[in-house]
Amino acid sequence: MSTHSITEPSARLKWIAGTLVVAYALVTLMPLLWIVATGFKSSTDAIAYPPKVLFEPTLEGYVNLFTTQNRASAEQLAQNPPQTWYERIVHEKGMVVSGPSRFGERFMNSVIIGFGSTFLSVFLGTLAAYAFSRYRVPLKDDLLFFILSTRMMPPIAVAIPIFLMFRAAGLSDTHAGMILLYTAVNLSLAVWLLKGFIDEIPREYEEAALIDGYTRFQAFVKVVLPQAATGIASTAIFCLIFAWNEYAFAVLLTSGTAQTAPPFIPTIIGVGGRDWPAVAAGATIFLVPVMVFTILLRRHLLRGITFGAVRK
């Protein structure tokens, strides 16, 4: 008589589950793959109907993304032969490169604001979560609910008051203003996530450290923080994703100096209208930093998502 485990799935169930996972992954990744492919299409292939799946790849979209171009006459093109591979691509369209585009500046603004607000959110959230977890804070439950309630309100509901406050305080179109705003929005998420992780760290670890002569701060740094590293990493990922992709506040509060990539990419205009290959190229490059950051911390992210699902 063969034995059958009631906990181990059968080979057939494993095959079905694997097939469903692969199918779901393909459906989910299809828009992303289409964006990446569009970045390597020509302007004609990008708007072709029916859409072209097989096409001759070109770097025209990336060249248009990183350069500004002007129309040139045949005489001007003859007098200024292309010196580089990207100038050759531009010359084939009857254009000349007049200088770099502003995508690099907008991308760096996203890096500064996104990672800056993430650092502040995690730093302040860790301190607040530790205080709520370890100390008797008056009206702790009410304060935690108030902090959580800030996530329930749609950002557009407070857009006008924030715009007026930023204009009065001189924070409009500044890196500091956007970092503070994104930090304030992400702080509630950071506090609630980190409090759950710190609650699971036994107090006996800190008490043992205090008995050994550590101060409260030393116990926090050397005992609590290493134990909460998983929660800190997963919280940082969620905070970065929000700050990296935020669009509404970036459109309302920035226009030049501190404008991030999300409101800039859709405004890329080509010769005959919207330059879809350049837009797709910008979206592809924009995905890279947050994707790399998430991959580096993917183990912590999985732990953070499943945290609390099973308790002993």
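Here, the structure is the one placed above.
Please read all numbers here as calculations on a predicted model, not as lab measurements.

## A look at the overall build of the protein chain
Secondary structure summary: the protein chain contains 16 helices and 2 strands in total. In terms of overall dimensions, the protein chain is more spread out than a globule: its C-alpha atoms have a radius of gyration of 26 Å, far above the 20 Å expected for 312 residues. With respect to the three principal axes, the spread of C-alpha positions in the protein chain is 85 × 75 × 40 Å. Here the protein chain holds 312 residues, and 34% of them are scored as buried. A sequence separation of at least 24 residues applies to 73% of the contacts in the protein chain between residues at least 6 apart. Taken as a whole, the protein chain presents about 19000 Å² of accessible surface, with 68% of it coming from carbon and sulfur. Charge-centre separation for the protein chain: the mean point of 24 positive side chains lies 5 Å from the mean point of 19 negative side chains.

## Some remarks on the nonpolar core
Counting 15 residues, the largest nonpolar core has L65, F103, W244, I265, I268 and F286 as its most contacted members. Of all the secondary structure elements, the ones that give two or more residues to this core are helix 3 (60–66), helix 6 (103–134), helix 12 (229–245), helix 14 (261–264) and helix 15 (276–296). When residues of this core are assigned to their parent elements, the largest contribution, 5 residues, is made by helix 15. Each residue touching I268, except ones within four places of it in the same chain, is listed here: L65, R274, D275, A278 and V279. In terms of nonpolar packing, the next biggest core, distinct from the first, is built from 12 residues, A159, I162, Y182 and A250 among them.

## A look at the pattern of salt bridges
Inspection of every chain in the model, using the stated rule, returns 6 salt bridges. For the salt bridge of K52 with D45, the shortest nitrogen-to-oxygen distance reads 3.0 Å. Overall, the relative accessible area of 36% leaves K52 in the partly exposed class. Overall, D45 belongs to the buried group, its relative accessible area being 11%.

## Section: the packing of aromatic side chains
By convention here, two paired aromatic rings are described through the distance between centres and the angle between planes. This model, assessed by the stated rule, comprises 11 aromatic pairs. Where F115 meets W244, the ring centres are 6.2 Å apart and the plane angle is 75°; that geometry is what we call edge-to-face. Within this pair, whereas F115 is found in helix 6, its partner W244 is found in helix 12, the two being separated by 129 residues in sequence. The class of F115 is partly exposed, set by a relative accessible area of 32%.

Definitions and cut-offs
Residues numbered from 1 in each chain as written. Predicted model: local features only at pLDDT ≥ 70, side-chain atom pairs only at ≥ 80, totals over all residues. Heavy atoms only, no water. Helix = DSSP H or I, 4+ residues; strand = E, 2+ residues; numbered from the N terminus. Rg over C-alpha atoms; globule rule 2.2 N^0.38 Å. Buried < 20%, exposed > 50% of the residue type's maximum accessible area, 1.4 Å probe, protein only. Contact = heavy atoms within 4.5 Å. Areas by Shrake-Rupley, 256 points an atom, 1.4 Å probe, with all protein chains shown as cover. Lys, Arg positive; Asp, Glu negative; His and termini not counted. Charge placed at Lys NZ, Arg CZ, Asp CG, Glu CD. Core = buried A, V, L, I, M, F, W, Y, C linked by side-chain atoms within 4.5 Å. Salt bridge = Lys/Arg side-chain N within 4 Å of Asp/Glu carboxyl O. Phe/Tyr/Trp six-rings, centres within 6.5 Å; stacked < 30°, edge-to-face > 60°.

From the geometry alone we can't say anything about function, so treat these as descriptive.
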